[in-house]
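Commentary on secondary and tertiary structure
The residues making up each chain are set out below.
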Amino acid sequence: MNKTIFLLLTLSLGLGALTGCKKPSSEKPVAPANPSQSLQRVKDPILEEIYAFRVEIRQAYNNRRFDELETKAAELRTSKALFENGTWKISKFYSALACSDDEPESMWQLHDRIHQDWITAKPGSITARVAYADFLARYAWQARGSDYANTVKKEGWRLFEERLEAARTVLAQARALPEKDPMWWRVSLTVALGQGWPKPAYDALVKEAKSAEPGFWEYDTARAYSLLPRWYGEEGDCEAYASEAAENPAGLGPEIYARIVLNLFGYHQNIFKDSAASWPKTRAGLEQMRQKYPKSLEFLNCTAMLASLAGDREFAKTSFDALGNTYLPSAWNGDANKFLRCKKWAETGR
């Protein structure tokens, strides 16, 4: 497995993304192409709410307030609560517990102990075991590292395989519990991809996941990603799956097509030129999302960006007009000049 594939799988684990638009590693200073043009950085209130939520969950975890975590997770599973951009709160609950890739080994070991203490304190908890399996999957990739496959040491491979198998074992234990959690299947899909399950077995897991919770759209984004040629698919397979998911009467309709494109566009120079992704289908999904989630500045910025990639000046201009001179850095990978170039093209055609 080469370094590029490793980095893409890391993104599929959810370590760097919030809702679809690629997040920058650091924000660059705003440098407008036209010095007379003032560009204002803004924050998406929904993303800020998600950040505050994650901080709250993380503090409870760091302080081993397991009763609080159990109560919160149970509430989120029952209510199927979403943030105002359609993100499932239960998903952000688990991602809030993640250990950063650049943390020292001592921090990973501390997290391991917290998870084991949680299971000891709550032996019948689905939450504790799903959280631990998620941790172990991330820990596996931390052991392997980001180098090319032929540079990974034998010990790295051993720990990678050992920790993924440990995650699979914990997931099996969780499966035997009476309570179910939609993130069980999402973590299982991550483990299956890392272990290289045969395609029929992976397909069966996807089918089971969607039957258990049809509205949990991360199953569809994970499946589409797995159908890239570097994994289970051939050219056009992930786009065909996106169309199939959008036509599923139990699913989200055009919205899921747009979410899949948002999840994959960063792997292309221009996803509408370099792949079989359909702009009309993406546009329909973006329009649906803008109606459902009108407070999302992230989706408005992403709509302007994708419409520019697709060469749809009219739709791009509508979005830029709504934005004015406000700019959400995370939606543009921190590139203010790209925002300004696209805005100018939408307004003038040049």
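Everything in this summary refers to the structure shown in the same document. Every value quoted in this text rests on a predicted model; they were computed, and no experiment measured them. Residue indices follow the written sequence of each chain, beginning from 1 at its first position. For this predicted model, a pLDDT threshold of at least 70 governs which residues receive local features, and a threshold of 80 or more governs which side-chain atom pairs are given and counted, while totals over whole chains, interfaces and linings are taken from all residues. With hydrogens and water excluded, all non-hydrogen atoms of the structure serve as input to the side-chain values.

Moving on, we get to the overall build of the protein. Helix and strand counts for the protein stand at 17 helices and two strands. Put simply, the protein has 350 residues, and 51% of those count as buried. Any two residues whose heavy atoms approach within 4.5 Å are treated as being in contact. In the protein, the proportion of contacts linking residues at least 24 apart, taken out of those at least 6 apart, comes to 68%. Carbon and sulfur atoms make up 51% of the accessible area of the protein, which totals about 15,800 Å². Helix numbers and strand numbers start at the N terminus; a helix is a DSSP run of H or I with at least 4 residues, a strand a run of E with at least 2. Between buried and exposed lies partly exposed: a residue is buried under 20% and exposed over 50% of the maximum accessible area for its type, with that area taken using a 1.4 Å probe on protein chains only. Accessibility throughout is a Shrake-Rupley quantity obtained with a 1.4 Å probe, and a residue counts as covered only by protein chains that appear here.

What follows deals with the nonpolar core. Definition of nonpolar core: a set of buried residues of the types Ala, Val, Leu, Ile, Met, Phe, Trp, Tyr and Cys, connected through side-chain atoms within 4.5 Å. In this structure, Ile-90, Phe-93, Trp-118, Leu-306, Phe-320 and Trp-332 are the most contacted members of the largest nonpolar core, which totals 107 residues. No other element matches helix H6 (residues 126-144), which puts 12 residues into this core. Ignoring sequence-local partners within four residues, the contact set of Trp-118 consists of Tyr-61, Phe-66, Leu-69, Glu-70, Phe-93, Leu-97, Ser-125, Thr-127, Ala-128 and Ala-131.

What follows deals with the packing of aromatic side chains. Stacked, edge-to-face and tilted are the three classes for Phe, Tyr and Trp ring pairs, Trp counted by its six-membered ring, which pair at centre distances within 6.5 Å; planes under 30 degrees apart are stacked, over 60 edge-to-face, the rest tilted. Inspection of the entire model under this criterion finds 22 aromatic pairs. Pairing Phe-53 with Phe-83 gives two aromatic rings, centres 5.4 Å apart and planes at 80 degrees, and the pair type is edge-to-face. In this pair, Phe-53 sits in helix H2 (residues 45-62) while Phe-83 sits in the loop between helix H3 (66-79) and helix H4 (89-95), placing the two residues 30 residues apart along the sequence. Of the two residues, Phe-53 and Phe-83, neither departs from the other in class, the shared state being buried. Plain terms: the ring middles of Trp-88 and Phe-216 are 5.0 Å apart, the flat faces sit at 70 degrees to each other, and that makes the pair edge-to-face.

One non-glycine residue, Lys-80, lies in positive phi territory at about 55 degrees. Here Lys-80 shows up in the loop between H3 and H4. Looking at Lys-80, the relative accessible area reads 42%, which means it is partly exposed. Of note in the backbone geometry, Asn-333 takes a positive phi value of approximately 55 degrees without being a glycine.

Right, let's get into helix H12 (residues 254-264). Among the 11 residues in H12, nine count as buried, and that is most of the element. Those residues of H12 that sit buried are Glu-255, Ile-256, Tyr-257, Ala-258, Arg-259, Ile-260, Val-261, Leu-262 and Leu-264. Buried residues belonging to H12 abut helix H10 (218-226), helix H11 (237-247), helix H13 (271-274), helix H14 (279-292) and helix H15 (297-310).

At a minimum axis separation of 10 Å, helix H7 (residues 154-175) and helix H8 (residues 182-195) run at an interaxial angle of 150 degrees. On the basis of the axis angle, H7 is roughly antiparallel to H8. Of the two elements, H7 crosses H8, and the hand of that crossing is left-handed. Across the interface between the two elements, Phe-160, Leu-164, Glu-165, Ala-167, Arg-168, Leu-171, Ala-174 and Arg-175 of H7 pack against Trp-184, Trp-185, Val-187, Ser-188, Val-191, Gly-194 and Gln-195 of H8. Axis lines are fitted through C-alpha atoms, for helices just across the contact stretch, and the angle between N-to-C directions can take any value from 0 to 180 degrees. In these notes the angle categories are as follows: under 35 degrees is roughly parallel, over 145 is roughly antiparallel, 65 to 115 is roughly perpendicular, and the rest is oblique. In this scheme the crossing of two helices becomes right-handed for a clockwise turn of the near helix relative to the far one and left-handed for an anticlockwise turn of less than a right angle.

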